[in-house]
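Residues per chain, in single letters:
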Amino acid sequence: MSSDDLLKLENQLCFAVVTAARNVVSLYRPVLEPLGLTHPQYLVMLALWDSSPRSLGELADELAMEPATLSPIVKRLESQGRVARIRRAADERVLDITVTDAGRALREQALDVPRQIMELTGMDAAEVATLRNSLGRFAGRPVR
């Protein structure tokens with residue numbers, strides 16, 4: 001590859017990753033719409049279904065988001081009755097975010113989301129895992 005080719009847009013890793021991210025989020029939109037979730041809300045629910053309750057800071061760390069960005073997402077989920085914010089008994093300054101019964105019921109509906117995404121991408125579970133693990137190096141997350 002010549003030095004001029006190194007600066008072509010189509011040869012840029014950043015362009016490929018940003019474009020792919022935008023396209024992946026657009027794939028999720030119609031799949032999540034029947035659940036009443038946006039993509040960021042879905043990510044929050046996934047984290048909380050895995051471990052709840054959690055503080056906003058803990059959740060922000062896991063999701064690689066700023067607490068100021070995450071807070072309105074959590075408030076929206078709370079207004080939908082899917083999560084609740086509860087003062088931590090050991091430290092009343094901390095609000096723990098927990099999944100409500102409605103949020104747990106939503107998990108059952110969300111079980112089909114990964115299958116639908118694989119169907120839309122034409123990828124199987126192994127291909128998705130390989131891609132996810134490769135991208136994990138750039139996301140600063142350990143590869144599992």
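From a predicted model like this one, the values you see are computed outputs, not experimental measurements. (Residues numbered from 1 in each chain as written. Predicted model: local features only at pLDDT ≥ 70, side-chain atom pairs only at ≥ 80, totals over all residues. Heavy atoms only, no water.)

### Some points on the overall build of the protein chain
Then step 1. Looking only at helices and strands, the protein chain features 8 helices and 3 strands.
Then step 2. Mapped in sequence order, the helices and strands of the protein chain form the string α-α-α-β-α-α-β-β-α-α-α.
Then step 3. Residue burial in the protein chain is summarised as follows: out of 144 residues, 25% are buried.
Then step 4. Here the contacts in the protein chain between residues at least 6 apart in sequence split such that 49% fall between residues at least 24 apart.
Then step 5. Total accessible area on the protein chain is roughly 9600 Å²; 57% of this is exposed by carbon and sulfur atoms.
Then step 6. Across the protein chain, 18 positive and 19 negative side-chain charges occur, with their mean positions spaced 4 Å apart. (Helix = DSSP H or I, 4+ residues; strand = E, 2+ residues; numbered from the N terminus. Buried < 20%, exposed > 50% of the residue type's maximum accessible area, 1.4 Å probe, protein only. Contact = heavy atoms within 4.5 Å. Areas by Shrake-Rupley, 256 points an atom, 1.4 Å probe, with all protein chains shown as cover. Lys, Arg positive; Asp, Glu negative; His and termini not counted. Charge placed at Lys NZ, Arg CZ, Asp CG, Glu CD.)

### Quick look at the sheet that holds strand β2 (residues 83–87)
Then step 1. On the basis of which strands lie adjacent, the open sheet formed by 3 strands has the order β1-β3-β2 and antiparallel pairing. Either end of the sheet is taken by a strand with one partner, and the two such strands are β1 (54–55) and β2.
Then step 2. In this sheet, strand β3 (residues 95–99) lies alongside β1 in antiparallel orientation, the contact comprising 2 bridges. Note on β3: the bridge partner recorded for Arg54 is Ile97. (Pairing = 2+ DSSP bridges.)

### Some thoughts on the pairing of β3
Then step 1. Counting buried positions along β3 gives 4 out of 5 residues, so the element sits mostly inside the fold.
Then step 2. Bridge count for β2 against β3 is 5 bridges, and the pairing is antiparallel. From the neighbouring strand, Arg85 faces β3, where its bridge partner is Ile97.

### Some thoughts on helix α6 (residues 101–110)
Turn by turn, an α-helix covers 3.6 residues, leaving residues three or four places apart pointing in a common direction.
Then step 1. Buried within α6 we find Gly103, Leu106 and Ala110. Projected onto a plane normal to the axis of α6, the buried residues spread over an arc of 50° and lie on a single side. Exposed and oriented more than 90 degrees from the buried face of α6 are Asp101 and Glu108.
Then step 2. Summarising the contacts, the buried residues of α6 are in contact with α3 (39–50), β3 and α7 (113–121). (Arc of directions from axis to C-beta.)

### So, the nonpolar core
Then step 1. One finds Leu37, Val44, Leu59 and Val113 to be the most contacted residues of the largest nonpolar core, which totals 25 residues.
Then step 2. Counting only elements with at least two residues in this core, the list comes to α2 (13–32), α3, α4 (56–63), α5 (67–79), β3, α6 and α7.
Then step 3. For this core, the element with the most residues is α3, which contributes 6 residues.
Then step 4. In this structure Leu37 touches Leu32, Tyr42, Met45, Leu77, Arg82 and Leu106, once residues within four positions along its chain are discounted. (Core = buried A, V, L, I, M, F, W, Y, C linked by side-chain atoms within 4.5 Å.)

### Some words on unusual backbone geometry
Then step 1. Across the junction of Ser52 and Pro53, the peptide omega takes the value 5°, indicating a cis bond.
Then step 2. Residue placement: Pro53 occurs in the loop between α3 and β1.
Then step 3. With a phi close to 55°, Ala64 is a non-glycine residue in the positive phi region.
Then step 4. Residue position: Ala64 is located in the loop between α4 and α5.
Then step 5. Judged by relative accessible area, which is 62%, Ala64 ranks as exposed.

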